[in-house]
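Listed here are the chains, written in short residue letters.
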Amino acid sequence: MSDSDSEIALSLFLHNSYDMSEGVRMMWGAIRSICTNGMVFGKILSRYYAKHTKGFQIANLQTSLTETYDQIPVIQDRIKFLETAPVTTELRDRLESGVGKKLSKNVLEQNPATQWMLYNGLTNFISHVIEQRHRARYQQAVSKVFEL
């Protein structure tokens, strides 16, 4: 998703153990830069898991990458929708229910014109104001509300 026209980069979370006590886990997603921080989309585009004892199959990794690539247009369409969609009462209600009234109120007071502007305001607030130990929970909640 990251090219010369986009600020959203494809990301890969890789988890592996040094002593083969756990398998290899890969999760594809997206990350958007906010200053020097980032907001990880909560929607995982694809997953891959392999036990060390079973061997690492490149074909399975290729399938995972293909599944991820196939989801990129879906995410791009969702972002295009958010860029033009107004902030509705229904979204405000889902936001208050999903992330809480206090956080919602802080960002909604800025009167964002579109859902994308609201999303950006929320992610900026989370990455700059919320204590680090609580950020992941709020990031996941915002991702869920905006279906990203």
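Scroll up to find the structure.
Reading the values: rules and limits
- Residues numbered from 1 in each chain as written.
- Predicted model: local features only at pLDDT ≥ 70, side-chain atom pairs only at ≥ 80, totals over all residues.
- Heavy atoms only, no water.
- Phe/Tyr/Trp six-rings, centres within 6.5 Å; stacked < 30°, edge-to-face > 60°.
- Helix = DSSP H or I, 4+ residues; strand = E, 2+ residues; numbered from the N terminus.
- Buried < 20%, exposed > 50% of the residue type's maximum accessible area, 1.4 Å probe, protein only.
- Lys NZ or Arg CZ within 6 Å of the ring centre and 35° of its normal.
- Core = buried A, V, L, I, M, F, W, Y, C linked by side-chain atoms within 4.5 Å.
- Contact = heavy atoms within 4.5 Å.
- Expected span 1.5 Å × (residues − 1).
- Lys, Arg positive; Asp, Glu negative; His and termini not counted.
- Salt bridge = Lys/Arg side-chain N within 4 Å of Asp/Glu carboxyl O.
- Polar contact = N/O pair within 3.5 Å; in protein donor to acceptor, adjacent residues only side chain to side chain.

S.K.: Which parts of the structure should I look at to understand the packing of aromatic side chains?
M.R.: Any pair of aromatic rings gets described here by the distance separating the centres and the angle formed by the planes. Per the counting criterion, the structure on display carries two aromatic pairs. Geometrically, the ring pair formed by Trp116 and Tyr119 is stacked, given 5.2 Å between the ring centres and 15 degrees between the ring planes. Of this pair, Trp116 and Tyr119 both sit in helix H4 (residues 115–128), three residues apart, which is roughly one turn of that helix. Relative to Phe146, the ring of Tyr119 lies with its centre 5.4 Å away and its plane at 70 degrees, an arrangement referred to as edge-to-face. A residue pair is termed long-range when its members are at least 10 positions apart, and Tyr119 in helix H4 and Phe146 in the segment after helix H5 (132–145) qualify at 27 residues. Assessed through its relative accessible area of 0%, Phe146 is described here as buried. Feature note: the residues Trp116, Tyr119 and Phe146 constitute an aromatic cluster, connected by ring pairs. A cation over an aromatic ring shows up here: Arg137 above the ring of Tyr138, its NZ or CZ 4.6 Å from the ring centre.

S.K.: Sorry, what's going on with the nonpolar core here?
M.R.: Burial of nonpolar side chains together is a common tendency in soluble globular proteins. Membership of the largest hydrophobic core comes to 23 residues, with the highest contact counts inside it found for Leu95, Leu103, Leu118, Leu122 and Phe146. Taken together, the elements giving at least two residues each to this core come down to helix H1 (58–84), helix H2 (89–99), helix H3 (101–108), H4 and H5. Sorting elements by how many residues they give to this core places H4 first, with six residues. In contact with Leu95, other than residues within four places in its own chain, are Gly100, Ser104, Leu108, Leu118, Leu122, Val145 and Phe146.

S.K.: In this structure, what is going on with H5? I would like to understand it.
M.R.: Working note: α-helix, 3.6 residues per turn, so residues spaced by three or four point in the same direction. With 14 residues, H5 extends 21 Å between its outermost C-alpha atoms, agreeing within 8% with the 20 Å of an ideal straight helix rising 1.5 Å per residue. For H5, the full list of buried residues reads Arg135, Tyr138, Gln139, Ala141, Val142, Ser143 and Val145. In the segment just after H5, Glu147 is the residue with positive phi, at about 55 degrees.

S.K.: Teacher, can you tell me more about unusual backbone geometry here?
M.R.: Here the phi dihedral of Asn111 falls at roughly 50 degrees; this positive angle occurs in a residue that is not glycine. Looking at the secondary structure, you find Asn111 in the loop between H3 and H4. For Glu147, which is not a glycine, the phi torsion comes out positive at approximately 55 degrees. Here Glu147 is to be found in the segment after H5.

S.K.: Help me understand the side chain of Arg78, please; the structure alone is not making it clear to me.
M.R.: Relative to the helices and strands, Arg78 resides in helix H1. We note that Arg78 is buried and unpaired, the nearest opposite charge coming from Glu147 at a distance of 4.1 Å. Reaching out from Arg78, the side chain makes a polar contact with the backbone oxygen of Phe146 at a distance of 3.0 Å. Apart from residues lying up to four places away in sequence, Arg78 is in contact with Phe146, Glu147 and Leu148.

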